[in-house]
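Analysis of the macromolecular model
Below are the chains, spelled out letter by letter.
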Amino acid sequence: MNETHRGRLTREGIRIHEAADFAGMHRAGALAAQILDEIAEHVFVGQSTAAIDKVIEDRVNASGAKSATIGYKGYQHASCISVNHVVCHGIPGDKVLKDGDILNVDVTVIVDGWFGDTSRMYVAGKLSRKAERLVQVTHDALMKGIEAVRPGNTFGDIGHAIQSYVEAHRMSVVRDFCGHGLGRVFHAPPNVLHYGRAGSGPRLEEGMFFTIEPMVNLGRPETKVLADDWTAVTRDKSLSAQFEHSIGVTATGAEIFTLSPAGKFHPTWA
């Protein structure tokens, strides 16, 4: 069987990977997570998002890997950097970070043909109380979603775990964007919704690889995409946060491919 297409497909088109494929995903995920560790010191008041992206591109090139986003559908940056009310797909540029700004940095690298995709939150200067609460709830919602991953559960169980946790804290889950399958491709089935009904959707099977990446708003869930056709923002201008891990389904639960080597996945590490 062609190495690019090892494993089988479910009736929903979700690839079931072989046990040996976990190692490739760990290598890709570890590099993406390490790069996000290394940029933490480059997030500060007065720094531009373009400068942060340049550090990321340099790190990717120095590692011998490839950026999955440079050239993807015309995109020309090694990361997406989404500040404050930007929900996702923020384009790095001359924007300078101000005290209290929160930002999500999303990086995907290709290592030996495998895609490692992860994002996390950072803060420039002092984290405000409301932003701190948003970031914490978003982080914990991701982990609640991962806790729901085990063979026999459904993708609806993941979405339900995230949605119920977020809404219990009087925040909202973005519905316009979702997680996705990945492996030797950037995006593949399934769509991993961060809301839903327990017991609904395809059943989880050992060997599935996908991202869980909830976007949580302090206000309403609606978003709009700006004229650049990339940047998605909250319609009500409320703050938004996101965390993302790439995971594989094991016999007993979930294996996270994008764990932070230095323990810097949460912005309060400092």
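Just so we're clear, the structure is a prediction, and the values are computed from it rather than from any experiment. (Residues numbered from 1 in each chain as written. Predicted model: local features only at pLDDT ≥ 70, side-chain atom pairs only at ≥ 80, totals over all residues. Heavy atoms only, no water.)

Summed over the entire model, instances satisfying the criterion amount to 8 aromatic pairs. Consider the rings of Phe22 and Phe209, whose centres lie 5.0 Å apart with planes at 90°: the pair is edge-to-face. On the criterion of sequence distance, the pair formed by Phe22 in helix H1 (residues 21–38) and Phe209 in strand S11 (residues 209–212) is long-range, its members being 187 residues apart. Across this residue pair, the class does not change: Phe22 and Phe209 are buried. When the ring of Phe209 is compared with that of Phe257, the centres are 5.3 Å apart and the planes differ by 85°; the resulting orientation is edge-to-face. Here Phe257 lies in the segment after strand S17 (254–256) and Phe209 lies in strand S11, a separation of 48 residues in the sequence. Across this residue pair, the class does not change: Phe209 and Phe257 are buried. A connected cluster of aromatic rings, assembled from ring pairs, spans Phe22, Phe209 and Phe257. Sitting above the plane of the Tyr195 ring, Arg175 keeps its charged end 4.9 Å from the centroid. (Phe/Tyr/Trp six-rings, centres within 6.5 Å; stacked < 30°, edge-to-face > 60°. Helix = DSSP H or I, 4+ residues; strand = E, 2+ residues; numbered from the N terminus. Buried < 20%, exposed > 50% of the residue type's maximum accessible area, 1.4 Å probe, protein only. Lys NZ or Arg CZ within 6 Å of the ring centre and 35° of its normal.)

Here we come to the UniProt feature "binding site: a divalent metal cation 2" (unreviewed entry) in the chain. In the UniProt entry, the feature "binding site: a divalent metal cation 2" (unreviewed entry) is given for Asp117, His180, Glu213 and Glu244. Considering the C-alpha atoms alone, the annotated residues occupy 128 residues of sequence yet fold into one spot, their largest mutual distance being 10.9 Å. Taken from the residues named earlier, the lining of the largest pocket is made up of Asp117, His180, Glu213 and Glu244. In this structure the side chain of Glu213 is engaged in a polar contact, spanning 3.5 Å, whose partner is the side chain of His180. Locating Glu244 in the fold gives a position in the loop between strand S15 (240–242) and strand S16 (245–249). Residue class for Glu244 comes out buried when judged on its relative accessible area of 0%. The residues touching Glu244, leaving out its near neighbours within four places in the chain, are Asp106, Asp117, Thr118, Ser119, Leu142, His180, Thr211, Ile212, Glu213, Thr258 and Phe265. (UniProt positions renumbered as here; feature names shortened; annotations may be inferred. 1 Å grid on protein atoms, 1.4 Å probe; cavity = no way out; pocket = protein on both sides within 12 Å on 5 of 7 lines; lining within 4 Å. Polar contact = N/O pair within 3.5 Å; in protein donor to acceptor, adjacent residues only side chain to side chain. Contact = heavy atoms within 4.5 Å.)

This paragraph deals with helix H4 (residues 155–168). With 14 residues, H4 ought to run about 20 Å at 1.5 Å a step, and its terminal C-alpha atoms sit 20 Å apart, in line with that. Within H4, 10 of the 14 residues are buried, which leaves the element mostly enclosed by the surrounding structure. Within the span of H4, buried status applies to Phe155, Gly156, Asp157, Ile158, Gly159, Ala161, Ile162, Gln163, Tyr165 and Val166. Between a side-chain oxygen at the N-terminus of H4 and the backbone nitrogen of Gly156 the separation is 3.3 Å; the capping residue is Thr154. (Expected span 1.5 Å × (residues − 1).)

A few words now on the packing of H1 against helix H2 (residues 49–63). At their nearest, the axes of H1 and H2 sit 10 Å apart, and the two run at 140° to each other. In terms of orientation, H1 and H2 fall into the oblique class. When the axes of H1 and H2 are compared, the crossing they make is right-handed. Residues Leu31, Ile35 and Glu38 of H1 form the contact with H2, whose participating residues are Ile56, Arg59, Val60 and Ser63. Its residues assigned to classes, the contact of H1 with H2 comprises 4 nonpolar, 1 polar and 2 charged. (Axes fitted to C-alpha atoms, helices over the stretch in contact; angles between N-to-C directions. Parallel < 35°, antiparallel > 145°, perpendicular 65-115°, else oblique. Left-handed = near helix turned anticlockwise from the far one by under 90°. Nonpolar A, V, L, I, M, F, W, Y, C, P; charged D, E, K, R; others polar.)

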